[in-house]
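# Structural features, examined
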Amino acid sequence: MRDFRDSKAMAQTLRESLTTKSIHISHSESLELVSKMLGLTDWNTLSALLQVERRDPGIPAAERSTAAASYPAIPLRDLVPFPTATYPLFVGREKTMLALKDAFERQREVVLAVQRDAAIDEPRLENVYEIGVLAQLLEIERLGDGTLKVLVQGRRRVVIRRFVGETGAFHADVADVSEGPIPDAPELIQKAVRRFERYAAVREVRVPQIWPHLDQIRDPGRVADVISTHVVLPIKDKQSLLATLDPVMRLKRVDALLDISALPRSPTLEATWHRALDYANRRNHQYATVEHLLLALIDDADASAVMRGCKADPGAMKAGLLSYLDNELKDLVIENGGDAKPTAAFARVAQRAELHAQQLGQPAVTGANTLLAIFAEARSPAARALGEQGVTLAGVADFIVRGIKGHGLSLASILTLATRT
């Protein structure tokens, strides 16, 4: 029986068979089809598995499969990590906290595995993507609500061969992948860096000072990883970049994505964005939440027009949100103040809003897109506040449909966009 090691031969056979039926596909298309037939996301992931198998052809397959190292694991719901980058993670699942305890008692290394579906609390191997990152634990802090905040730094890509939680803690068996020698691609690096600089200027992206200047890095793969860390993309697209092992191909894909992803915020939404952060800063909140954002959207011309169209009472909503920010978020107050940072949920709303605007063909993201994007955070106080005022996902989507008549998008299409991640 054939398995993934026969993928190239399978792709060739498939292509030849289709040709006899007057169906012509390219070699790359046949590889993608075979990847999906084998239950993998795409050819990049399958290629990674093949590289692991080819690392030492002199070792029997059985020995190669047992050579995988085992590590404590952290399943990630809404983040795709990249090597060399540092990430703060907030951990609440008991099995993840047990994995962290195990890691700190051992070598302080963990496997970061990205979940295919964020709603799954007990992920198994089939619920995580095949390519993950081996990371080093730097700091750990127990928060007042019993959860943990940890700081991790990505080290290198790995193939996840086994992912279990039956032992009480999440663990993964992984094998290293090789990206080969560093290729020489100075022109591509300069082109991608210039495009990222424009992207960062529009988005106010701040690359930490500890990072080297991108134009001084000679490894196109590392440049791609640094940029990928800061680009707003759907989880699936970012994971596809992580799984692209060829350094030049990865940077080419990043460069192309920068060209289509740099959709600016409208001037009105730009002011709303700063107003939301200001609401957090005034209260010395360490983080700006979706509730800070919704409060700011009440005074956003585009978002408020949608709310009025849904018969909401802006005054009542504002009073409820102010009470929540002042009384329920005291644990976010820090003594020294400083600039508030958007929470992961805040960032997800911004990401969804941009995707909505792109799909609608808008020149910029507006408050209406942002309001629609809040509904995907169904458990948030912001979503509850909208519901209490009779502002529903269907109502907002219907308002947007009527506002963009002529673009060929139905109410169902808008609802689909609103629930995408």
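Each chain carries its own residue numbering, running from 1 in the direction its sequence is written. A pLDDT threshold of at least 70 governs which residues receive local features in this predicted model, and a stricter bar of 80 or more applies before side-chain atom pairs are shown or counted, although totals over entire chains, interfaces and linings include all residues. Working from all heavy atoms in the structure, the side-chain values ignore hydrogens and water.

It is worth spelling out helix α8 (residues 235–242) at this point. Counting buried positions along α8 gives six out of eight residues, so the element sits mostly inside the fold. For every residue, the accessible area (1.4 Å probe, protein chains only) is compared with the maximum for its type, and the residue is labelled buried under 20%, exposed over 50%, or partly exposed between those bounds. Under the DSSP-based scheme used, a helix requires at least four consecutive residues in state H or I and a strand at least two consecutive residues in state E, with every element numbered from the N terminus. Listing the buried residues of α8 in full gives I235, K238, Q239, S240, L241 and L242.

So, on to the pattern of salt bridges. Put simply, a salt bridge is a Lys or Arg side-chain nitrogen that is within 4 Å of an Asp or Glu carboxyl oxygen. A full pass over the atoms with the stated rule returns 18 salt bridges. Across the salt bridge formed by R156 and D176, the nearest N and O atoms sit 3.0 Å from each other. Linking R156 in strand β5 (residues 148–164) with D176 in strand β6 (residues 171–176), this pair joins segments that are 20 residues apart in sequence. You can call R156 partly exposed: its relative accessible area is 33%. For E179, the salt bridge is made with R157, and the minimal N-O distance between the two is 3.3 Å. Here R157 lies in strand β5 and E179 lies in the loop between β6 and α6 (186–203), a separation of 22 residues in the sequence. Overall, the relative accessible area of 29% leaves E179 in the partly exposed class. With a relative accessible area of 2%, R157 lands in the buried category.

In this scheme Phe, Tyr and Trp rings, the latter by its six-membered ring, pair at centre separations within 6.5 Å, and the angle between planes marks the pair as stacked below 30 degrees, edge-to-face above 60, and tilted otherwise. All chains considered together, the criterion is met by three aromatic pairs. Ring geometry for F90 and Y287: centres 5.9 Å apart, planes at 85 degrees, overall edge-to-face. Note that F90 is positioned in strand β2 (residues 86–91) and Y287 in strand β7 (residues 287–288), a separation of 197 residues in sequence. Exposure remark for F90: the relative accessible area of 49% places this residue in the partly exposed category. Y287 sits in the buried class, given a relative accessible area of 15%. Its end group placed over the ring of W273, R265 keeps NZ or CZ at 4.1 Å from the ring centre. Note on geometry: a ring has a charge over it if NZ (lysine) or CZ (arginine) is within 6 Å of the ring centre and within 35 degrees of the ring normal.

Next up on the list: the nonpolar core. Here the nonpolar core consists of buried residues drawn from Ala, Val, Leu, Ile, Met, Phe, Trp, Tyr and Cys, with membership extended through side-chain atoms lying within 4.5 Å. Counting 49 residues, the largest nonpolar core has L89, L112, V152 and I227 as the members making the most contacts within it. In terms of residue count, the dominant contributor to this core is α6 (seven residues). Two residues qualify as a contact provided that any one of their heavy atoms is within 4.5 Å of a heavy atom in the partner residue. When neighbours within four sequence positions are excluded, I227 is seen to be in contact with A192, F196, L214, V254 and L258.

Take the pairing of strand β4 (residues 131–142) next. Paired strands are those between which DSSP finds at least two bridges. Pairing of strand β3 (residues 109–114) with β4, which is carried by four bridges, proceeds in the antiparallel orientation. Of the residues in β4, the one forming a bridge with V110 is A135. Bridging between β4 and β5 involves eleven bridges; their strand directions are antiparallel. Of the residues in β5, the one forming a bridge with L137 is V152. Here β4 folds back onto β5 in antiparallel fashion, the turn holding five residues, of which G146 has a positive phi close to 90 degrees.

For the rest of this paragraph, the subject is the environment of R15. Within the element layout of this structure, R15 appears in helix α1 (residues 7–20). When its relative accessible area of 31% is taken as the criterion, R15 is described as partly exposed. In this structure, the C-alpha to C-alpha distance between R15 and S30, residues 15 residues apart in sequence, is 6.2 Å.

With that settled, the discussion passes to the confidence of the model for the chain. A residue's pLDDT is the confidence the predictor assigns to it, expressed on a 0 to 100 scale. Put simply, the chain has an average pLDDT of 80, and 77% of its residues get 70 or more. The secondary-structure element of the chain with the lowest mean pLDDT is helix α4 (residues 61–66), recorded at 34, while helix α11 (residues 290–297) shows the highest, at 96. Here residues 52–66 scores under 50 on pLDDT; set against residues more than four positions off or in separate chains, the count is 15 contacts. Contacts of residues 404–421 to residues separated by more than four positions or lying in other chains number 35 contacts, the stretch itself having pLDDT below 50.

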